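# Remarks on the overall topology
Spelled out, the chains give:
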Amino acid sequence: MIVHLNLHDKIVIVIGGGNEALKRINSLLKEKCQIIVISNTINNQIKNLIKNKKIKFKKQKIQDASILSIYKPYMVITTTNDKKLNQKIINDAKSKKIIAYSSDNPEFSDFSNPAIIDFDNLIQIAIFTGGKSPAMSKKLRIESEKIFKKLITKEEIGQIKIQNIAREIAKNKIATQNERKNYLNSIMSNKEIKQLIKEGHLKKAENQAKSILRNWK
């Protein structure tokens, strides 16, 4: 079953500072969580992320799982070359009910990483083989992305942005869920709003959605 974890503001520890750690960090950056990298050494790309204050770093050689008791993370990801150490940390995390992922042992992890096709951080399409073949997931993602880029237009991305704004303001103005649904459907089918989105005038489209809401009965 594919699920999306809400990691907003939660602490995620990545143990290790190599290419595998970088891959996991990059997948976490858009989740707006607090990423802490703990390692004795880190590569240049991770150094740049630290310099730009996108992640935090603790220089430390990890020898056991005691770091979990110090930081009390919501999630821990192990990427070191020491398989026994990774397993020790994962075991301790599970005993503390911390979500755990081991790069060298995904079968024992609490989740698997699908290959993601992402559109403007608004639409995510997952290609998932249940951890059986990450290489095939990646291959299928690359092939599928070409097709989805033709299907998902800038207009649809713009409509999602307007729908999100309209939904938030409608919560305070329209009492029932059914009426809010009718309002959002009217925004989606409104020809003027569609044309404004097509022309790239998202602010004007937003104002038009607000105008419709003011006159909503």
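Notes on the structure in this doc start here. (Residues numbered from 1 in each chain as written. Predicted model: local features only at pLDDT ≥ 70, side-chain atom pairs only at ≥ 80, totals over all residues. Heavy atoms only, no water.)

### Some details on helix H5 (residues 134-151)
Counted only if it meets this: Secondary structure elements follow DSSP: runs of H or I no shorter than four residues count as helices, runs of E no shorter than two count as strands, and numbering proceeds from the N terminus. Expected helix span is taken as 1.5 Å per residue step, with the number of steps being one fewer than the number of residues. The quantity called bend is, for any residue, the angle between two axes fitted respectively to the seven residues ending at it and the seven beginning at it. By the convention used here, residues are in contact when the closest approach between their heavy atoms is within 4.5 Å.
Over its 18 residues, H5 extends 25 Å from the first C-alpha to the last, a length consistent with the 26 Å expected when each residue adds 1.5 Å. The sharpest bend along H5 reaches about 30 degrees and sits at Glu145. On its buried face, H5 is in contact with strand E6 (115-119) and strand E7 (123-127).

### Some words on the pairing of strand E4 (residues 75-78)
Selection rule: Working definition: with a 1.4 Å probe on protein chains only, accessible area under 20% of the residue-type maximum means buried, over 50% means exposed, and in between means partly exposed. DSSP calls a pair of strands paired once it identifies at least 2 bridges connecting them. The path from the first strand over the helix to the second decides the hand: if it runs clockwise while the strands point away from the viewer, the crossover is right-handed.
The alternating pattern of E4 places Met75 and Ile77 on one face and Val76 and Thr78 on the opposite face, and all of these are buried. Relative to E4, strand E1 (residues 11-15) runs parallel, the two being bridged by four bridges. Opposite Ile13, over in E4, you have Val76 as the bridge partner. Relative to strand E5 (residues 99-102), E4 runs parallel, the two being bridged by four bridges. Following the sheet pairing, Val76 is matched in E5 by Ala100. With helix H4 (residues 83-95) bridging E4 and the parallel E5, this β-α-β connection has right-handed handedness.

### A few points about the layout of surface pockets
Filter applied, for reference: Site definitions follow a grid-based scheme: protein atoms alone, a 1 Å grid, a 1.4 Å probe that fits but cannot get out for cavities, and for pockets an open set with protein on both sides within 12 Å along at least five of seven lines, plus lining residues having an atom within 4 Å of a point. Grid points are joined across faces, edges and corners, and a volume is the space filled by probe spheres set on the points.
In this structure, the largest pocket occupies an estimated 1600 Å³ of space. Along the wall of the largest pocket there are 41 residues; nearest its centre are Ser27, Ser112, Asn113, Pro114 and Ile116. Among the secondary structure elements, those contributing two or more residues to the lining of the largest pocket are helix H1 (19-28), E4, E5, E6, E7 and H5. What the second largest pocket holds in volume is close to 250 Å³. Looking at the second largest pocket, it is lined by 15 residues, and the ones nearest its centre are Asn40, Lys61, Ile62, Thr80 and Leu85.

### Thoughts on the sheet that holds E1
To keep things clear, this is the line we draw: To get an axis, a line is fitted to the C-alpha atoms, and for a helix only the part in contact is used. The angle between two axes follows their N-to-C directions and goes from 0 to 180 degrees.
Strand order in the open sheet made by the five strands is E3-E2-E1-E4-E5, with parallel pairing throughout. Every other strand in the sheet has two partners, leaving strand E3 (56-59) and E5 as the edge strands with one partner each. Adjacent strand axes in the sheet meet at a mean angle of 15 degrees when their direction is disregarded.

### Structural notes on the pattern of salt bridges
As a reminder, the rule being used: By salt bridge we mean one thing: a side-chain nitrogen of Lys or Arg within 4 Å of a carboxyl oxygen of Asp or Glu.
Under the criterion given, the structure shown has 12 salt bridges. Taking the shortest distance from any N to any O, the salt bridge between Asp118 and Lys30 comes out at 3.3 Å. Of this pair, Asp118 sits in strand E6 while Lys30 sits in the loop between H1 and strand E2 (34-39); the two residues are 88 residues apart in sequence, bridging distant segments of the chain. Here the residues in one salt-bridge network are Glu20, Lys23 and Arg24, joined through shared partners.

### Structural notes on the packing of helix H6 (residues 154-170) against helix H8 (residues 191-198)
Going by this rule: An angle below 35 degrees is treated as roughly parallel, one above 145 as roughly antiparallel, one from 65 to 115 as roughly perpendicular, and anything else as oblique. Each helix crossing is assigned a hand: it is left-handed if the near helix lies turned anticlockwise from the far helix by less than a right angle, otherwise right-handed if that turn is clockwise. In this classification, the charged set is Asp, Glu, Lys and Arg, the nonpolar set is Ala, Val, Leu, Ile, Met, Phe, Trp, Tyr, Cys and Pro, and all remaining amino acids, among them Gly, are polar.
Between H6 and H8, the least distance of the axes is 9 Å, while the angle of their chain directions is 120 degrees. If you check the angle between H6 and H8, you find them oblique. Viewed along their axes, H6 and H8 form a crossing whose handedness is right-handed. Facing H6, whose interface residues are Glu155, Gly158, Gln159 and Ile162, H8 presents Lys194, Ile197 and Lys198. Per-class residue counts for the contact of H6 with H8 are two nonpolar, two polar and three charged.

### With respect to the packing of aromatic side chains
The geometry of an aromatic ring pair comes down to the distance between the two centres and the angle between the two planes. This is how the line gets drawn: The rule is short: rings of Phe, Tyr and Trp, with Trp giving its six-membered ring, pair when the centres are within 6.5 Å, and they are stacked under 30 degrees, edge-to-face over 60, tilted in between. By the criterion adopted, a ring carries a charge over it if an Arg CZ or a Lys NZ lies within 6 Å of its centre and within 35 degrees of its normal.
With the rule as written, the count across this model stands at two aromatic pairs. On the numbers, 5.0 Å between centres and 25 degrees between planes, the contact of Tyr101 with Phe111 is stacked. Here Phe111 lies in the loop between E5 and E6 and Tyr101 lies in strand E5, a separation of 10 residues in the sequence. The exposure classification of Tyr101 matches that of Phe111, with both residues buried. Between Tyr183 and Trp216, the aromatic rings sit 5.6 Å apart at their centres with planes inclined by 75 degrees, giving edge-to-face as the arrangement. Separated by 33 residues along the polypeptide, Tyr183 in helix H7 (residues 177-189) and Trp216 in the segment after helix H9 (202-214) bring together distant segments of the chain. Look at Tyr183 and you get buried, because its relative accessible area is 0%. Stacked on the ring of Tyr74, the Lys or Arg Lys10 has its end atom at 5.1 Å from the ring centre. In this structure, Lys94 is placed above the aromatic ring of Phe108, and the distance from its NZ or CZ to the ring centre is 5.0 Å.

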